[in-house]
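Given next are the chains, with one letter for each unit.
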Amino acid sequence: MRAGRREWTGLAVLALPTMLIGLDMSVLHLAAPVLSERLHPSGTELLWIVDIYGFMVAGFLATMGTLGDRIGRRRLLLTGAAAFAAASLLAAGSSSVGMLITSRALLGVAGATLMPSTLSLISNMFRDPGQRRLAVAVWMTNFSIGAMAGPLVGGVLLEHFWYGSVFLLGVPVGVVLLIAGPLLLPEYRDPEAGRLDPASVALSVTTVLPVVYGFKEIAQHGLHTLPLLSLAAGLCLGAAFVRRQLRLPDPMLDLRLFSRPAFGVSLGGLTLGLFAVTGTQFLLLQYFQLVLGLTPPVAGLWALPAVAAGVVGALLAPAVAARTGPLRVMAGGFLLSVPGLVLLTQVGTASGPYRAVVGFAVMSFGVQAALALTNDVIISSAPPARAGNASGIGETGANLGEALGVAVAGSVAAAVYRAKLDGSSLPDGIGPDRTEAARATLGGAAEVAGQLPERLGAELLAPARTAFTDGLHVAALLDVGVVMMLAAGHMALLRRDGARRDRGAAGARGSAGCGDSAGCGDSAGLDRQLREGEGEMEVGTGAGTGMEMEGAGNRPRPVR
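Please read all numbers here as calculations on a predicted model, not as lab measurements.

With that settled, the discussion passes to the overall build of the chain. In terms of regular secondary structure, the chain is built from 19 helices and two strands. Residue burial in the chain is summarised as follows: out of 560 residues, 59% are buried. A separation of at least 24 residues holds for 81% of the contacts in the chain among residues at least 6 apart in sequence. About 21,300 Å² of surface is accessible on the chain, with carbon and sulfur atoms providing 64% of the total.

The axes of two packed helices give the description: the angle between them and the distance between them. Between helix α12 (residues 304–324) and helix α14 (residues 354–380), the least distance of the axes is 7 Å, while the angle of their chain directions is 35°. Pair α12 / α14 crosses with right-handed handedness. In this structure, α12 uses P305, A306, A309, G310, V312, G313, A314, L316, A317, P318 and A321 to contact α14, whose residues at the interface are V357, F360, A361, S364, F365, Q368, A369, A372 and L373. Residues belonging to the contact of α12 with α14 are distributed by class as follows: 16 nonpolar, four polar and no charged.

Our next topic: the nonpolar core. Burial of nonpolar side chains together is a common tendency in soluble globular proteins. Core analysis: the biggest nonpolar cluster contains 144 residues, and L28, I122 and Y287 have the highest contact counts within it. When residues of this core are assigned to their parent elements, the largest contribution, 15 residues, is made by helix α10 (residues 261–291). The contact partners of I122, leaving out residues within four places of it in the chain, are L11, L14, A135, V136 and W139.

What follows covers the pattern of salt bridges. Counted by the stated rule, this structure contains three salt bridges. We note a salt bridge from R244 to D197, for which the minimum N-O separation is 2.9 Å. Of this pair, R244 sits in helix α9 (residues 225–247) while D197 is found in the loop between α7 (170–184) and α8 (198–221), placing the two residues 47 residues apart along the sequence. Measuring nitrogen to oxygen at the nearest pair gives 2.5 Å for the salt bridge that ties R455 to E459. Here the residue R455 and the residue E459 both occupy positions in helix α18 (residues 454–510), the gap between them amounting to four residues, near one helical turn.

This paragraph deals with the side chain of T280. Tracing the chain through its elements places T280 in helix α10. The exposure class assigned to T280 is buried, which follows from its relative accessible area of 4%. At 2.7 Å, the side chain of T280 and the backbone oxygen of A276 are in polar contact. When sequence neighbours within four positions are dropped, the list of residues in contact with T280 reads L341, L344, F360, M363 and D479.

Okay, the packing of aromatic side chains next. One pass over the full model with this rule turns up four aromatic pairs. Note on Y53 and F84: the rings are 6.4 Å apart at their centroids and 80° apart in plane angle, and the pair reads as edge-to-face. In this pair, Y53 is assigned in helix α2 (residues 43–71) and F84 in helix α3 (residues 73–92), connecting sequence segments 31 residues apart. Of the two residues, Y53 and F84, both sit in the buried class. Each ring, one from W302 and one from Y354, has its centre 5.3 Å from the other, and the planes form 85°; the classification is edge-to-face. Of the two residues, W302 sits in helix α11 (residues 296–302) while Y354 sits in helix α14, which places them 52 residues apart along the sequence. Judged by relative accessible area, W302 falls into the partly exposed class, the value being 25%.

Taken together, the side chains of V312, L316 and V320 define a hydrophobic patch exposed on the protein surface, amounting to about 230 Å² of accessible area. L316 gets classed as partly exposed once you look at its relative accessible area, which sits at 45%.

Further remarks concern α10. For α10, with 31 residues, the first-to-last C-alpha span of 43 Å sits near the 45 Å given by 1.5 Å per residue. Of all the 31 residues making up α10, 26 are buried; the element is thus mostly covered by neighbouring parts of the structure. Following α10 by one or two positions, G293 has its phi on the positive side, about 80°.

So, about the side chain of Q286. Relative to the assigned elements, Q286 resides in helix α10. For Q286, a relative accessible area of 9% puts it in the buried group.

Right, let's talk about the packing of α12 against helix α13 (residues 326–344) for a bit. Running from N to C, α12 and α13 point in directions that differ by 125°, and their axes come no closer than 7 Å. As summarised for this structure, α12 and α13 are arranged oblique, according to the angle between their axes. Facing A317, V320, A321 and T324 of α12, the residues of α13 in contact are P326, R328 and V329. In terms of residue class, the contact of α12 with α13 is built from five nonpolar, one polar and one charged.

This next bit is on helix α4 (residues 97–111). Between its first and last C-alpha, α4 extends 21 Å over 15 residues, near the 21 Å set by a 1.5 Å rise per residue. V97, L100, S103, R104, A105, L107, G108, A110 and G111 are the residues of α4 that are buried.

The next point concerns the environment of A446. In this fold, A446 is placed in helix α17 (residues 442–450). For the pair A446 and G457, spaced 11 residues apart in sequence, the C-alpha to C-alpha distance is 8.3 Å. Ignoring anything within four residues of it in the chain, the contact list for A446 reads L290 and L461.

Our focus in this paragraph is the environment of R260. Take R260: it is sitting in the loop between α9 and α10. Looking at R260, the relative accessible area reads 37%, which means it is partly exposed. C-alpha separation for the pair R260 and P383, spaced 123 residues apart in sequence, amounts to 9.9 Å. Beyond its immediate stretch of four places on either side in the chain, R260 contacts S381, A382 and P383.

Here we come to the environment of I430. Within the fold, I430 resides in the loop between α15 (387–420) and α16 (432–440). Residue class for I430 comes out buried when judged on its relative accessible area of 5%. Every residue in contact with I430, bar those within four places of it in the chain, is listed here: T435, L452, L456 and L460.

Right, let's get into the confidence of the model for the chain. For the chain, the average pLDDT comes to 78, and 84% of its residues sit at 70 or higher. For the chain, strand β2 (residues 555–558) is the element with the lowest average pLDDT, namely 33, and α13 is the one with the highest, namely 92. Throughout residues 512–525 the model reports pLDDT below 50, and contacts reaching past four residues in sequence, or to other chains, amount to 10 contacts. Across residues 527–560, where pLDDT falls below 50, the model places 105 contacts with residues more than four positions away in sequence or in other chains.

Here is what the cut-offs are and how they apply
- Residues numbered from 1 in each chain as written.
- Predicted model: local features only at pLDDT ≥ 70, side-chain atom pairs only at ≥ 80, totals over all residues.
- Heavy atoms only, no water.
- Helix = DSSP H or I, 4+ residues; strand = E, 2+ residues; numbered from the N terminus.
- Buried < 20%, exposed > 50% of the residue type's maximum accessible area, 1.4 Å probe, protein only.
- Contact = heavy atoms within 4.5 Å.
- Areas by Shrake-Rupley, 256 points an atom, 1.4 Å probe, with all protein chains shown as cover.
- Axes fitted to C-alpha atoms, helices over the stretch in contact; angles between N-to-C directions.
- Left-handed = near helix turned anticlockwise from the far one by under 90°.
- Nonpolar A, V, L, I, M, F, W, Y, C, P; charged D, E, K, R; others polar.
- Core = buried A, V, L, I, M, F, W, Y, C linked by side-chain atoms within 4.5 Å.
- Salt bridge = Lys/Arg side-chain N within 4 Å of Asp/Glu carboxyl O.
- Polar contact = N/O pair within 3.5 Å; in protein donor to acceptor, adjacent residues only side chain to side chain.
- Phe/Tyr/Trp six-rings, centres within 6.5 Å; stacked < 30°, edge-to-face > 60°.
- Patch = residues over 30% accessible without salt bridge, like charges linked within 9 Å, V, L, I, M, F, W, Y side chains within 5 Å.
- Expected span 1.5 Å × (residues − 1).
- Parallel < 35°, antiparallel > 145°, perpendicular 65-115°, else oblique.
- pLDDT = per-residue confidence, 0-100.

Here's what the structure looks like:
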């Protein structure tokens with residue numbers, strides 16, 4: 001059954017919260033210098049303000065997916081939209097670092113209700129495989145547009161209003177959803193939805209946060225006891241989480257899916273691709289403002305070519321994949337991003353924005369083309385009965401990748417910045433307190449420079465800007481390694497798939513009448529199956545019709 005005008009209009013409504021989630025992850029990238037000036041956070045606190053939202057979204061996604069199956073996906077979406085608007089108002093009124101971090105965490109919990117609801121509702125509305133693939137690509141593109149347009153929107157708001165205005169975008173989106181949602185979106189509940197597991201939820205959140213805290217503290221202050229203990233605690237909690245998921249009959253995240261190579265490789269592409277894009281954008285927007293001296297709106301405008309390139313890549317990818325197969329497009333996209341990242345290693349304190357803009361646009365085009373196909377490959381590579389869980393893991397990976405991108409890129413750049421900006425590179429006569437503030441962040445150095453005589457301030461800013469640019473170079477080289485690893489993984493999967501197809505063809509010639517039956521289906525090849533749309537896999541936390549096809553006999557069964 002093909003979708004009609006109402007379903008496509010409903011997709012436009014679902015695009016709003018999807019874009020909002022991405023936008024709220026990146027809107028603070030441009031506001032980081034302003035936050036440093038107004039609230040005086042340390043380097044570690046600044047990173048927590050920016051990325052706690054993404055970590056909370058990732059930690060609660062699977063739980064909210066299960067909750068949506070139990071109480072209704074549309075109901076969860078509308079409830080989450082109202083909660084998101086309320087948390088946005090709280091963040092906008094924050095007057096301290098602690099209050100802002102707390103409100104950003106609440107925004108993350110509310111945001112976790114939106115993503116699984118939107119993607120699973122798409123599966124209800126688009127039953128035709130070709131339409132569904134296009135709808136999922138549009139969904140993913142809107143998430144990417146939000147993430148990449150956040151800096152421009154934030155720059156305009158910061159130019160005309162106070163820093164809290166960047167959080168108010170969730171309010172009008174929530175209002176539109178509450179009005180249009182009941183009219184255009186279907187409701188669905190799974191009568192056999194899985195049970196909520198509070199212990200798994202607690203372990204998933206407490207695994208990530210101590211590890212991230214440990215890395216940030218090491219980057220900021222070097223090796224000492226507390227961050228090492230935090231890392232050890234996070235790893236122990238992670239081991240407990242994995243053990244619990246493998247023992248539960250209905251786990252929050254079905255880690256057995258990682259035994260399927262296509263699933264694991266594509267999930268890695270989704271997570272690490274967003275890791276590379278988000279971390280690069282976070283550092284480049286600070287480079288535009290604090291190194292090149294651009295105002296927030298102008299810095300946001302210089303990010304637009306990368307946004308446009310990413311949208312073009314994401315929208316072209318499904319059409320190219322229909323001819324060549326998704327794995328070839330994904331591998332090619334990641335390889336194409338390498339020259340852009342290499343170009344970013346050549347930017348300097350006096351090179352102007354052009355080199356950075358071209359490099360980021362090339363990177364964005366390649367990575368976004370690959371990311372547009374990852375969700376469909378993740379879901380289609382899972383068994384039909386586990387497609388909902390596969391979707392939940394994919395959504396978790398996407399949000400975790402964005403949050404880790406900021407955390408790791410920020411920590412790496414901060415470590416390089418502090419190492420380069422030692423006492424010997426700073427001018428004499430600024431005092432120990434100002435020295436420490438300047439070594440904490442480049443924003444802190446800019447604020448200290450503004451308090452000094454012009455000549456002395458210039459002597460402070462020159463090495464600080466050079467140190468930050470060196471940190472950007474190191475982070476870009478790290479991303480080169482990441483995307484090359486992803487390209488190699490997808491090419492290896494493509495070769496494996498080709499070998500399986502060749503073996504299957506040989507077996508088919510030796511087995512009369514085997515054809516495309518269940519006994520030979522595995523040799524058809526993932527790339528060919530995805531290209532031809534064989535079989536309709538469910539997207540989301542459950543099925544749209546309440547039924548799926550199981551096994552070779554094609555017996556209908558209730559969705560689990």
